[in-house]
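Residues per chain, in single letters:
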Amino acid sequence: MQLDYPNEFDCDNDSVELEKQFSLQGVEILEIRDVIQVIIKEVQELSEELYFNEDNTFELLMHYNWNREDVIQNYFINQEALLAELKAKGIFNNHEKIIYNGIKGCCQVCLFEGNLIQLGCSHKFCQSCIEQTIKQRVYEDKYLVARCLQDGCNYRLPFSMLKKYSNAQEFENLLCRRFVDCSRYLAYCTGVDCNKILKPQYTSVKEVTCVCQNKFCFYCKEDLHPPCPCDLVKKWLAEIKKDEANVRWIVVNTKSCPFCKKPVERSEGCNYMMCKPPGGCGKAFCYVCSQPWEPDHKDHFKCNKYVAPTANIEKEKEVLQRYNFYYERFLNSQAAKEKAMQRLKQIKEQYITSIFKHYQFTYQDSQFLEEAMKELIQSRVVLKWSYCIGYYISKTNQQSAKLFDHYQDLFEHACETLAISLIKLFDEIEKLEYTQSEKPIHEQKKDFVEKKERIQNASQKCCKMRQNLETAIYQGEIYK
Amino acid sequence: MAQPTPRIIKETQNLAKDKVQGIDVTPDPQNFKHFYVIISGPPNTPYEGGVFDVELLLPDDYPMSPPKCVFNTKIYHPNIDNLGRICLDVLKDKWSPALQIRSILLSIQVLLSSPNPDDPLNNEAANQWKTNEGQALMKAREYTQKYAKKH
């Protein structure tokens, strides 16, 4: 499919930004009306080629998910059989009998006397009833198909009629959504409230950036997921979806009983947990340390003991636990990434001004904070998805799992170091607002520069470890 | 309350004028969208001799959406569950605004004479129908005797 659009980005002040994006990323950013123009052109061209009217061409294209080659191929293989089959389904109709004006009579739906519209199937209804049906289908059901109101009649109303009696914008949104969903060359931006449509110059492009700064994977239509390959992401997301609600609830609300390993829900606020029969084993333990309630907890509250995980767990529980292990870490990294995003916002809005006010360091001097934070965010994303890889590797290949664990371990450590040093600095910056340090200002400045260096080092190390992990994955050393 | 639409008025009049055999419709004097229906068990079915209370309620956007129907009398039928809900295509996706209350009630009557265990709502009854029809019919007859007799 050849998509050629007039280059009319007349979005006032955004146009410069748009062109920049266009040239930088090789991604065209389209509005809904641009796509509608493409659709209209598609329909016109095909209708001229096949000698059909536009309504019929529309029906064909919708039926074949906007795959023009499919339509043409199927049409030329056996034209009559195809049309007969479609007609039987009510997809390809003769709309010539439609009469909008001049028929009077009683509408069989509302039983009002008045002007009627005759449909292509010869059934007649008043405009208001037809309009109501179309609106219900388009607005509520979000369908671009509406049938004749007569029972048993499978005639589909033509698109020109749907368009005529529905809100133009609503109709176009729906049509555009349908077209984009069918197209391999287009994708909606996944950003919140962003209705832009992205078209990369080359279909091999995977990572795309919208004008709203949202980045996503063009293949999965999900957030970026380095270093995880798309097929694994799909598998993982399906796995999560399968029992996300259950597992999440179990992880958050229950502890496994130290005796029988069943998850036990905490129904009251105190730490006394009874694994209640008939489901449970009837023994009591402490919610905090998972130790038997007797004899230690019986008389006084004491649970500062570190609990080592028990080794002999049954296999089934192990499967769930293994999944939970990775899933929990996946969620944690996700949460940490979101926190980091908030911090990035705070850096821009608050910290840089504070630093300037207190130490007289300029924006350039404190630029490192933003850079380090961005590195941390990127690392959190990679870490998050590395747990997805970890889950599948540990299942299949023990050898590469070890290697992977090694890389991941180093990386996670570097990532945490960076996060901790950043948070420490943020705390200090926040304190600047309301406390006075006793040290003279030049020493404070010196301290700050030292911390800056430490953060920059941590950031570099984190970046290096991240790249090591990514390279190991991409080069097939770990996941094939 | 809103005024009844001409369609509802006309349908109500028609229901009173030409009665369908075996179906008795009484409109609720308080609420023009509410109908009390009594369906007699069709002959040569296990429901013969029984009278079944059915309640019918028209939604606000009637006739764009189908009426809601519920059995108030307990009945043993693969397409009617023990809360009285009915599994019938014309009450759901096969609804067309050109259908009327009368056509819906006729469909329910037909459903009583020809149960469809392949599209069950009451799984237990549907299984019984498929595995041992004789016993199913007997149980349906029992239910009719027990719950659907005139008092």
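Everything below is about the structure printed above this text.
Let me sum up the structure you'll find in this document.

Rules used in this analysis
Residues numbered from 1 in each chain as written. Chains lettered and ligands numbered in written order. Predicted model: local features only at pLDDT ≥ 70, side-chain atom pairs only at ≥ 80, totals over all residues. Heavy atoms only, no water. Helix = DSSP H or I, 4+ residues; strand = E, 2+ residues; numbered from the N terminus. Buried < 20%, exposed > 50% of the residue type's maximum accessible area, 1.4 Å probe, protein only. Expected span 1.5 Å × (residues − 1). Contact = heavy atoms within 4.5 Å. Polar contact = N/O pair within 3.5 Å; in protein donor to acceptor, adjacent residues only side chain to side chain. Core = buried A, V, L, I, M, F, W, Y, C linked by side-chain atoms within 4.5 Å. Pairing = 2+ DSSP bridges. Axes fitted to C-alpha atoms, helices over the stretch in contact; angles between N-to-C directions.

1. A few points about unusual backbone geometry
For the peptide bond that leads from P226(A) to P227(A), omega is 0 degrees, which places it in the cis range. Considering the arrangement of structural elements, one finds P227(A) in the loop between strand 9 (222-223) and helix 9 (230-253). Cis geometry is adopted by the peptide bond preceding P63(B), which originates at Y62(B) and carries an omega value of 5 degrees. One can find P63(B) in the loop between strand 3 (51-57) and strand 4 (68-71). With phi around 60 degrees, L111(A) is a residue other than glycine that occupies positive phi space. Positionally, L111(A) belongs in the loop between strand 2 (99-106) and strand 3 (113-118). Judged by relative accessible area, which is 14%, L111(A) ranks as buried.

2. Regarding helix 8 (residues 168-182) of chain A
All names here are of chain A. Taking 1.5 Å of rise per residue, 15 residues should cover 21 Å, and helix 8 covers 21 Å from first to last C-alpha, within 8% of that figure. For helix 8, the complete set of buried residues consists of F171, L174, L175, C176, F179 and V180. For helix 8, the secondary structure elements touched by its buried residues are helix 2 (32-50), helix 3 (54-63), helix 6 (127-140), helix 7 (159-164), strand 5 (187-188) and strand 6 (197-200). One side-chain oxygen of the residue at the start of helix 8 lies 2.8 Å from the amide nitrogen of Q169, identifying that residue as N167.

3. Here's the deal with the nonpolar core
Residues and elements named next belong to chain A. One finds I39, W66, I130, L157, M161 and I197 to be the most contacted residues of the largest nonpolar core, which totals 59 residues. Contributing elements (two or more residues each) for this core: helix 2, helix 3, helix 4 (68-77), helix 5 (79-88), strand 3, helix 6, helix 7 and helix 8. Residue contributions to this core peak at eight residues, all from helix 2. Each residue touching I130, except ones within four places of it in the same chain, is listed here: I117, L119, F125, L157, M161 and Y165. Listed in part, the 54 residues of the second largest apolar core include F330, I377, Y387 and L469.

4. Some thoughts on the sheet that holds strand 2 (residues 34-40) of chain B
All names here are of chain B. Spatially, the four strands line up as an open sheet ordered 1-2-3-4, and their pairing is antiparallel. With one partner strand each, in any of the chains shown, strand 1 (23-27) and strand 4 form the two edges of the open sheet. On average, each strand axis in the sheet is inclined to that of its neighbour by 25 degrees, with strand direction left out of account. Here strand 2 runs beside strand 3; their pairing, made up of seven bridges, is antiparallel. Paired with H34 across the bridge in strand 3 is L57.

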